[in-house]
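# A structural walkthrough
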Amino acid sequence: MATRIDLTLDCTDAKLLAEFWKTALGYVDEPPPAPFETREEWFAQFDLPEDDSVDDAQWLCDPDGTGPRLSLLKVPEPKTAKNRLHLDIRVPGHGSTAERWARISAESERLVEAGGSVLATFDEHHVVMADPEGNEFCVAAAAA
């Protein structure tokens, strides 16, 4: 049996990045663990410093339950170097190289509108992008 994983992304604005990654991945806010009705109720059970806020973390999940959970956690230090691990967003669909590239380009444009930026373009193969806080990811075609 394969091991399930979660991905955790350090950030300075968890709410901002949660909105971007929900758009990018089609994820939704993960419900709080039972028996809690809200994240605020869940958060209140911990003996945390007064300056900690429930807004300092966001949890996202694949609505189909197949992809890994994404946790976004506020940290005090900014991003300073290239990611050692990044996500590849795979655009589905078959067709010619030009058709696949058109879908990759359209997805990249959609993610720029959502707050991302293009870092490099490798024509007819993939686009290297960054989320609103500079975390790198790629947009490429799904395996045929």
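These remarks concern the structure in this document. (Residues numbered from 1 in each chain as written. Predicted model: local features only at pLDDT ≥ 70, side-chain atom pairs only at ≥ 80, totals over all residues. Heavy atoms only, no water.)

## Remarks on the sheet that holds strand β6 (residues 117–122)
- Pairing is mixed across the open sheet formed by four strands, whose spatial order is β5-β8-β7-β6. Because the sheet does not close on itself, it has two edges, and the strands there are β5 (87–91) and β6. Strand-to-strand, the axes of this sheet are offset by a mean angle of 25°, without reference to chain direction.
- Relative to strand β8 (residues 136–141), strand β7 (residues 126–130) is paired through five bridges, and the arrangement is antiparallel. Across the sheet, the residue bridging to M129 is F137, located in β8.
- Sitting on the sheet, helix α1 (residues 14–25) is in contact with β5 and β8, with an inclination near 40° to β5.
- Helix α3 (residues 97–113) rests against β5, β6, β7 and β8 of the sheet, and its axis sits at about 150° to β8. (Pairing = 2+ DSSP bridges. Helix = DSSP H or I, 4+ residues; strand = E, 2+ residues; numbered from the N terminus. Axes fitted to C-alpha atoms, helices over the stretch in contact; angles between N-to-C directions. Contact = heavy atoms within 4.5 Å.)

## Some thoughts on α1
- Along its twelve residues, α1 runs 16 Å from first to last C-alpha, staying within 8% of the 16 Å computed at 1.5 Å per residue.
- Of all the positions in α1, only A14, L17, A18, F20, W21, K22 and A24 are classed as buried.
- Where α1 begins, one side-chain oxygen reaches toward the backbone nitrogen of K15, 3.3 Å away; that side chain belongs to D13. (Expected span 1.5 Å × (residues − 1). Buried < 20%, exposed > 50% of the residue type's maximum accessible area, 1.4 Å probe, protein only. Polar contact = N/O pair within 3.5 Å; in protein donor to acceptor, adjacent residues only side chain to side chain.)

## Comments concerning the environment of L16
- By the secondary structure assignment, L16 is in helix α1.
- On the accessibility criterion, L16 (40% relative accessible area) is partly exposed.
- Taking the C-alpha atoms as reference, L16 lies 34 Å from T97; in sequence the two are 81 residues apart.

## A word on the environment of F46
- With respect to the helices, strands and loops of the structure, F46 is situated in the loop between α2 (39–44) and β3 (57–61).
- Taking the C-alpha atoms as reference points, F46 and C61, 15 residues apart in sequence, are found 23 Å from one another.

## Considerations on α3
- Its 17 residues place the ends of α3 24 Å apart at the C-alpha level, agreeing with the 24 Å of an ideal helix rising 1.5 Å per residue.
- For α3, the set of buried residues is W101, I104, E107, S108 and L111. Within α3, the buried residues cover an arc of 125° as seen down the axis, which keeps them to one side. Facing away from the buried side of α3, by more than 90 degrees, are the exposed residues A98, E109 and E113.
- On the buried face of α3, the contacting elements are α1, β5, β6, β7 and β8. (Arc of directions from axis to C-beta.)

Honestly, that's just the spatial picture; any functional story needs more than this.
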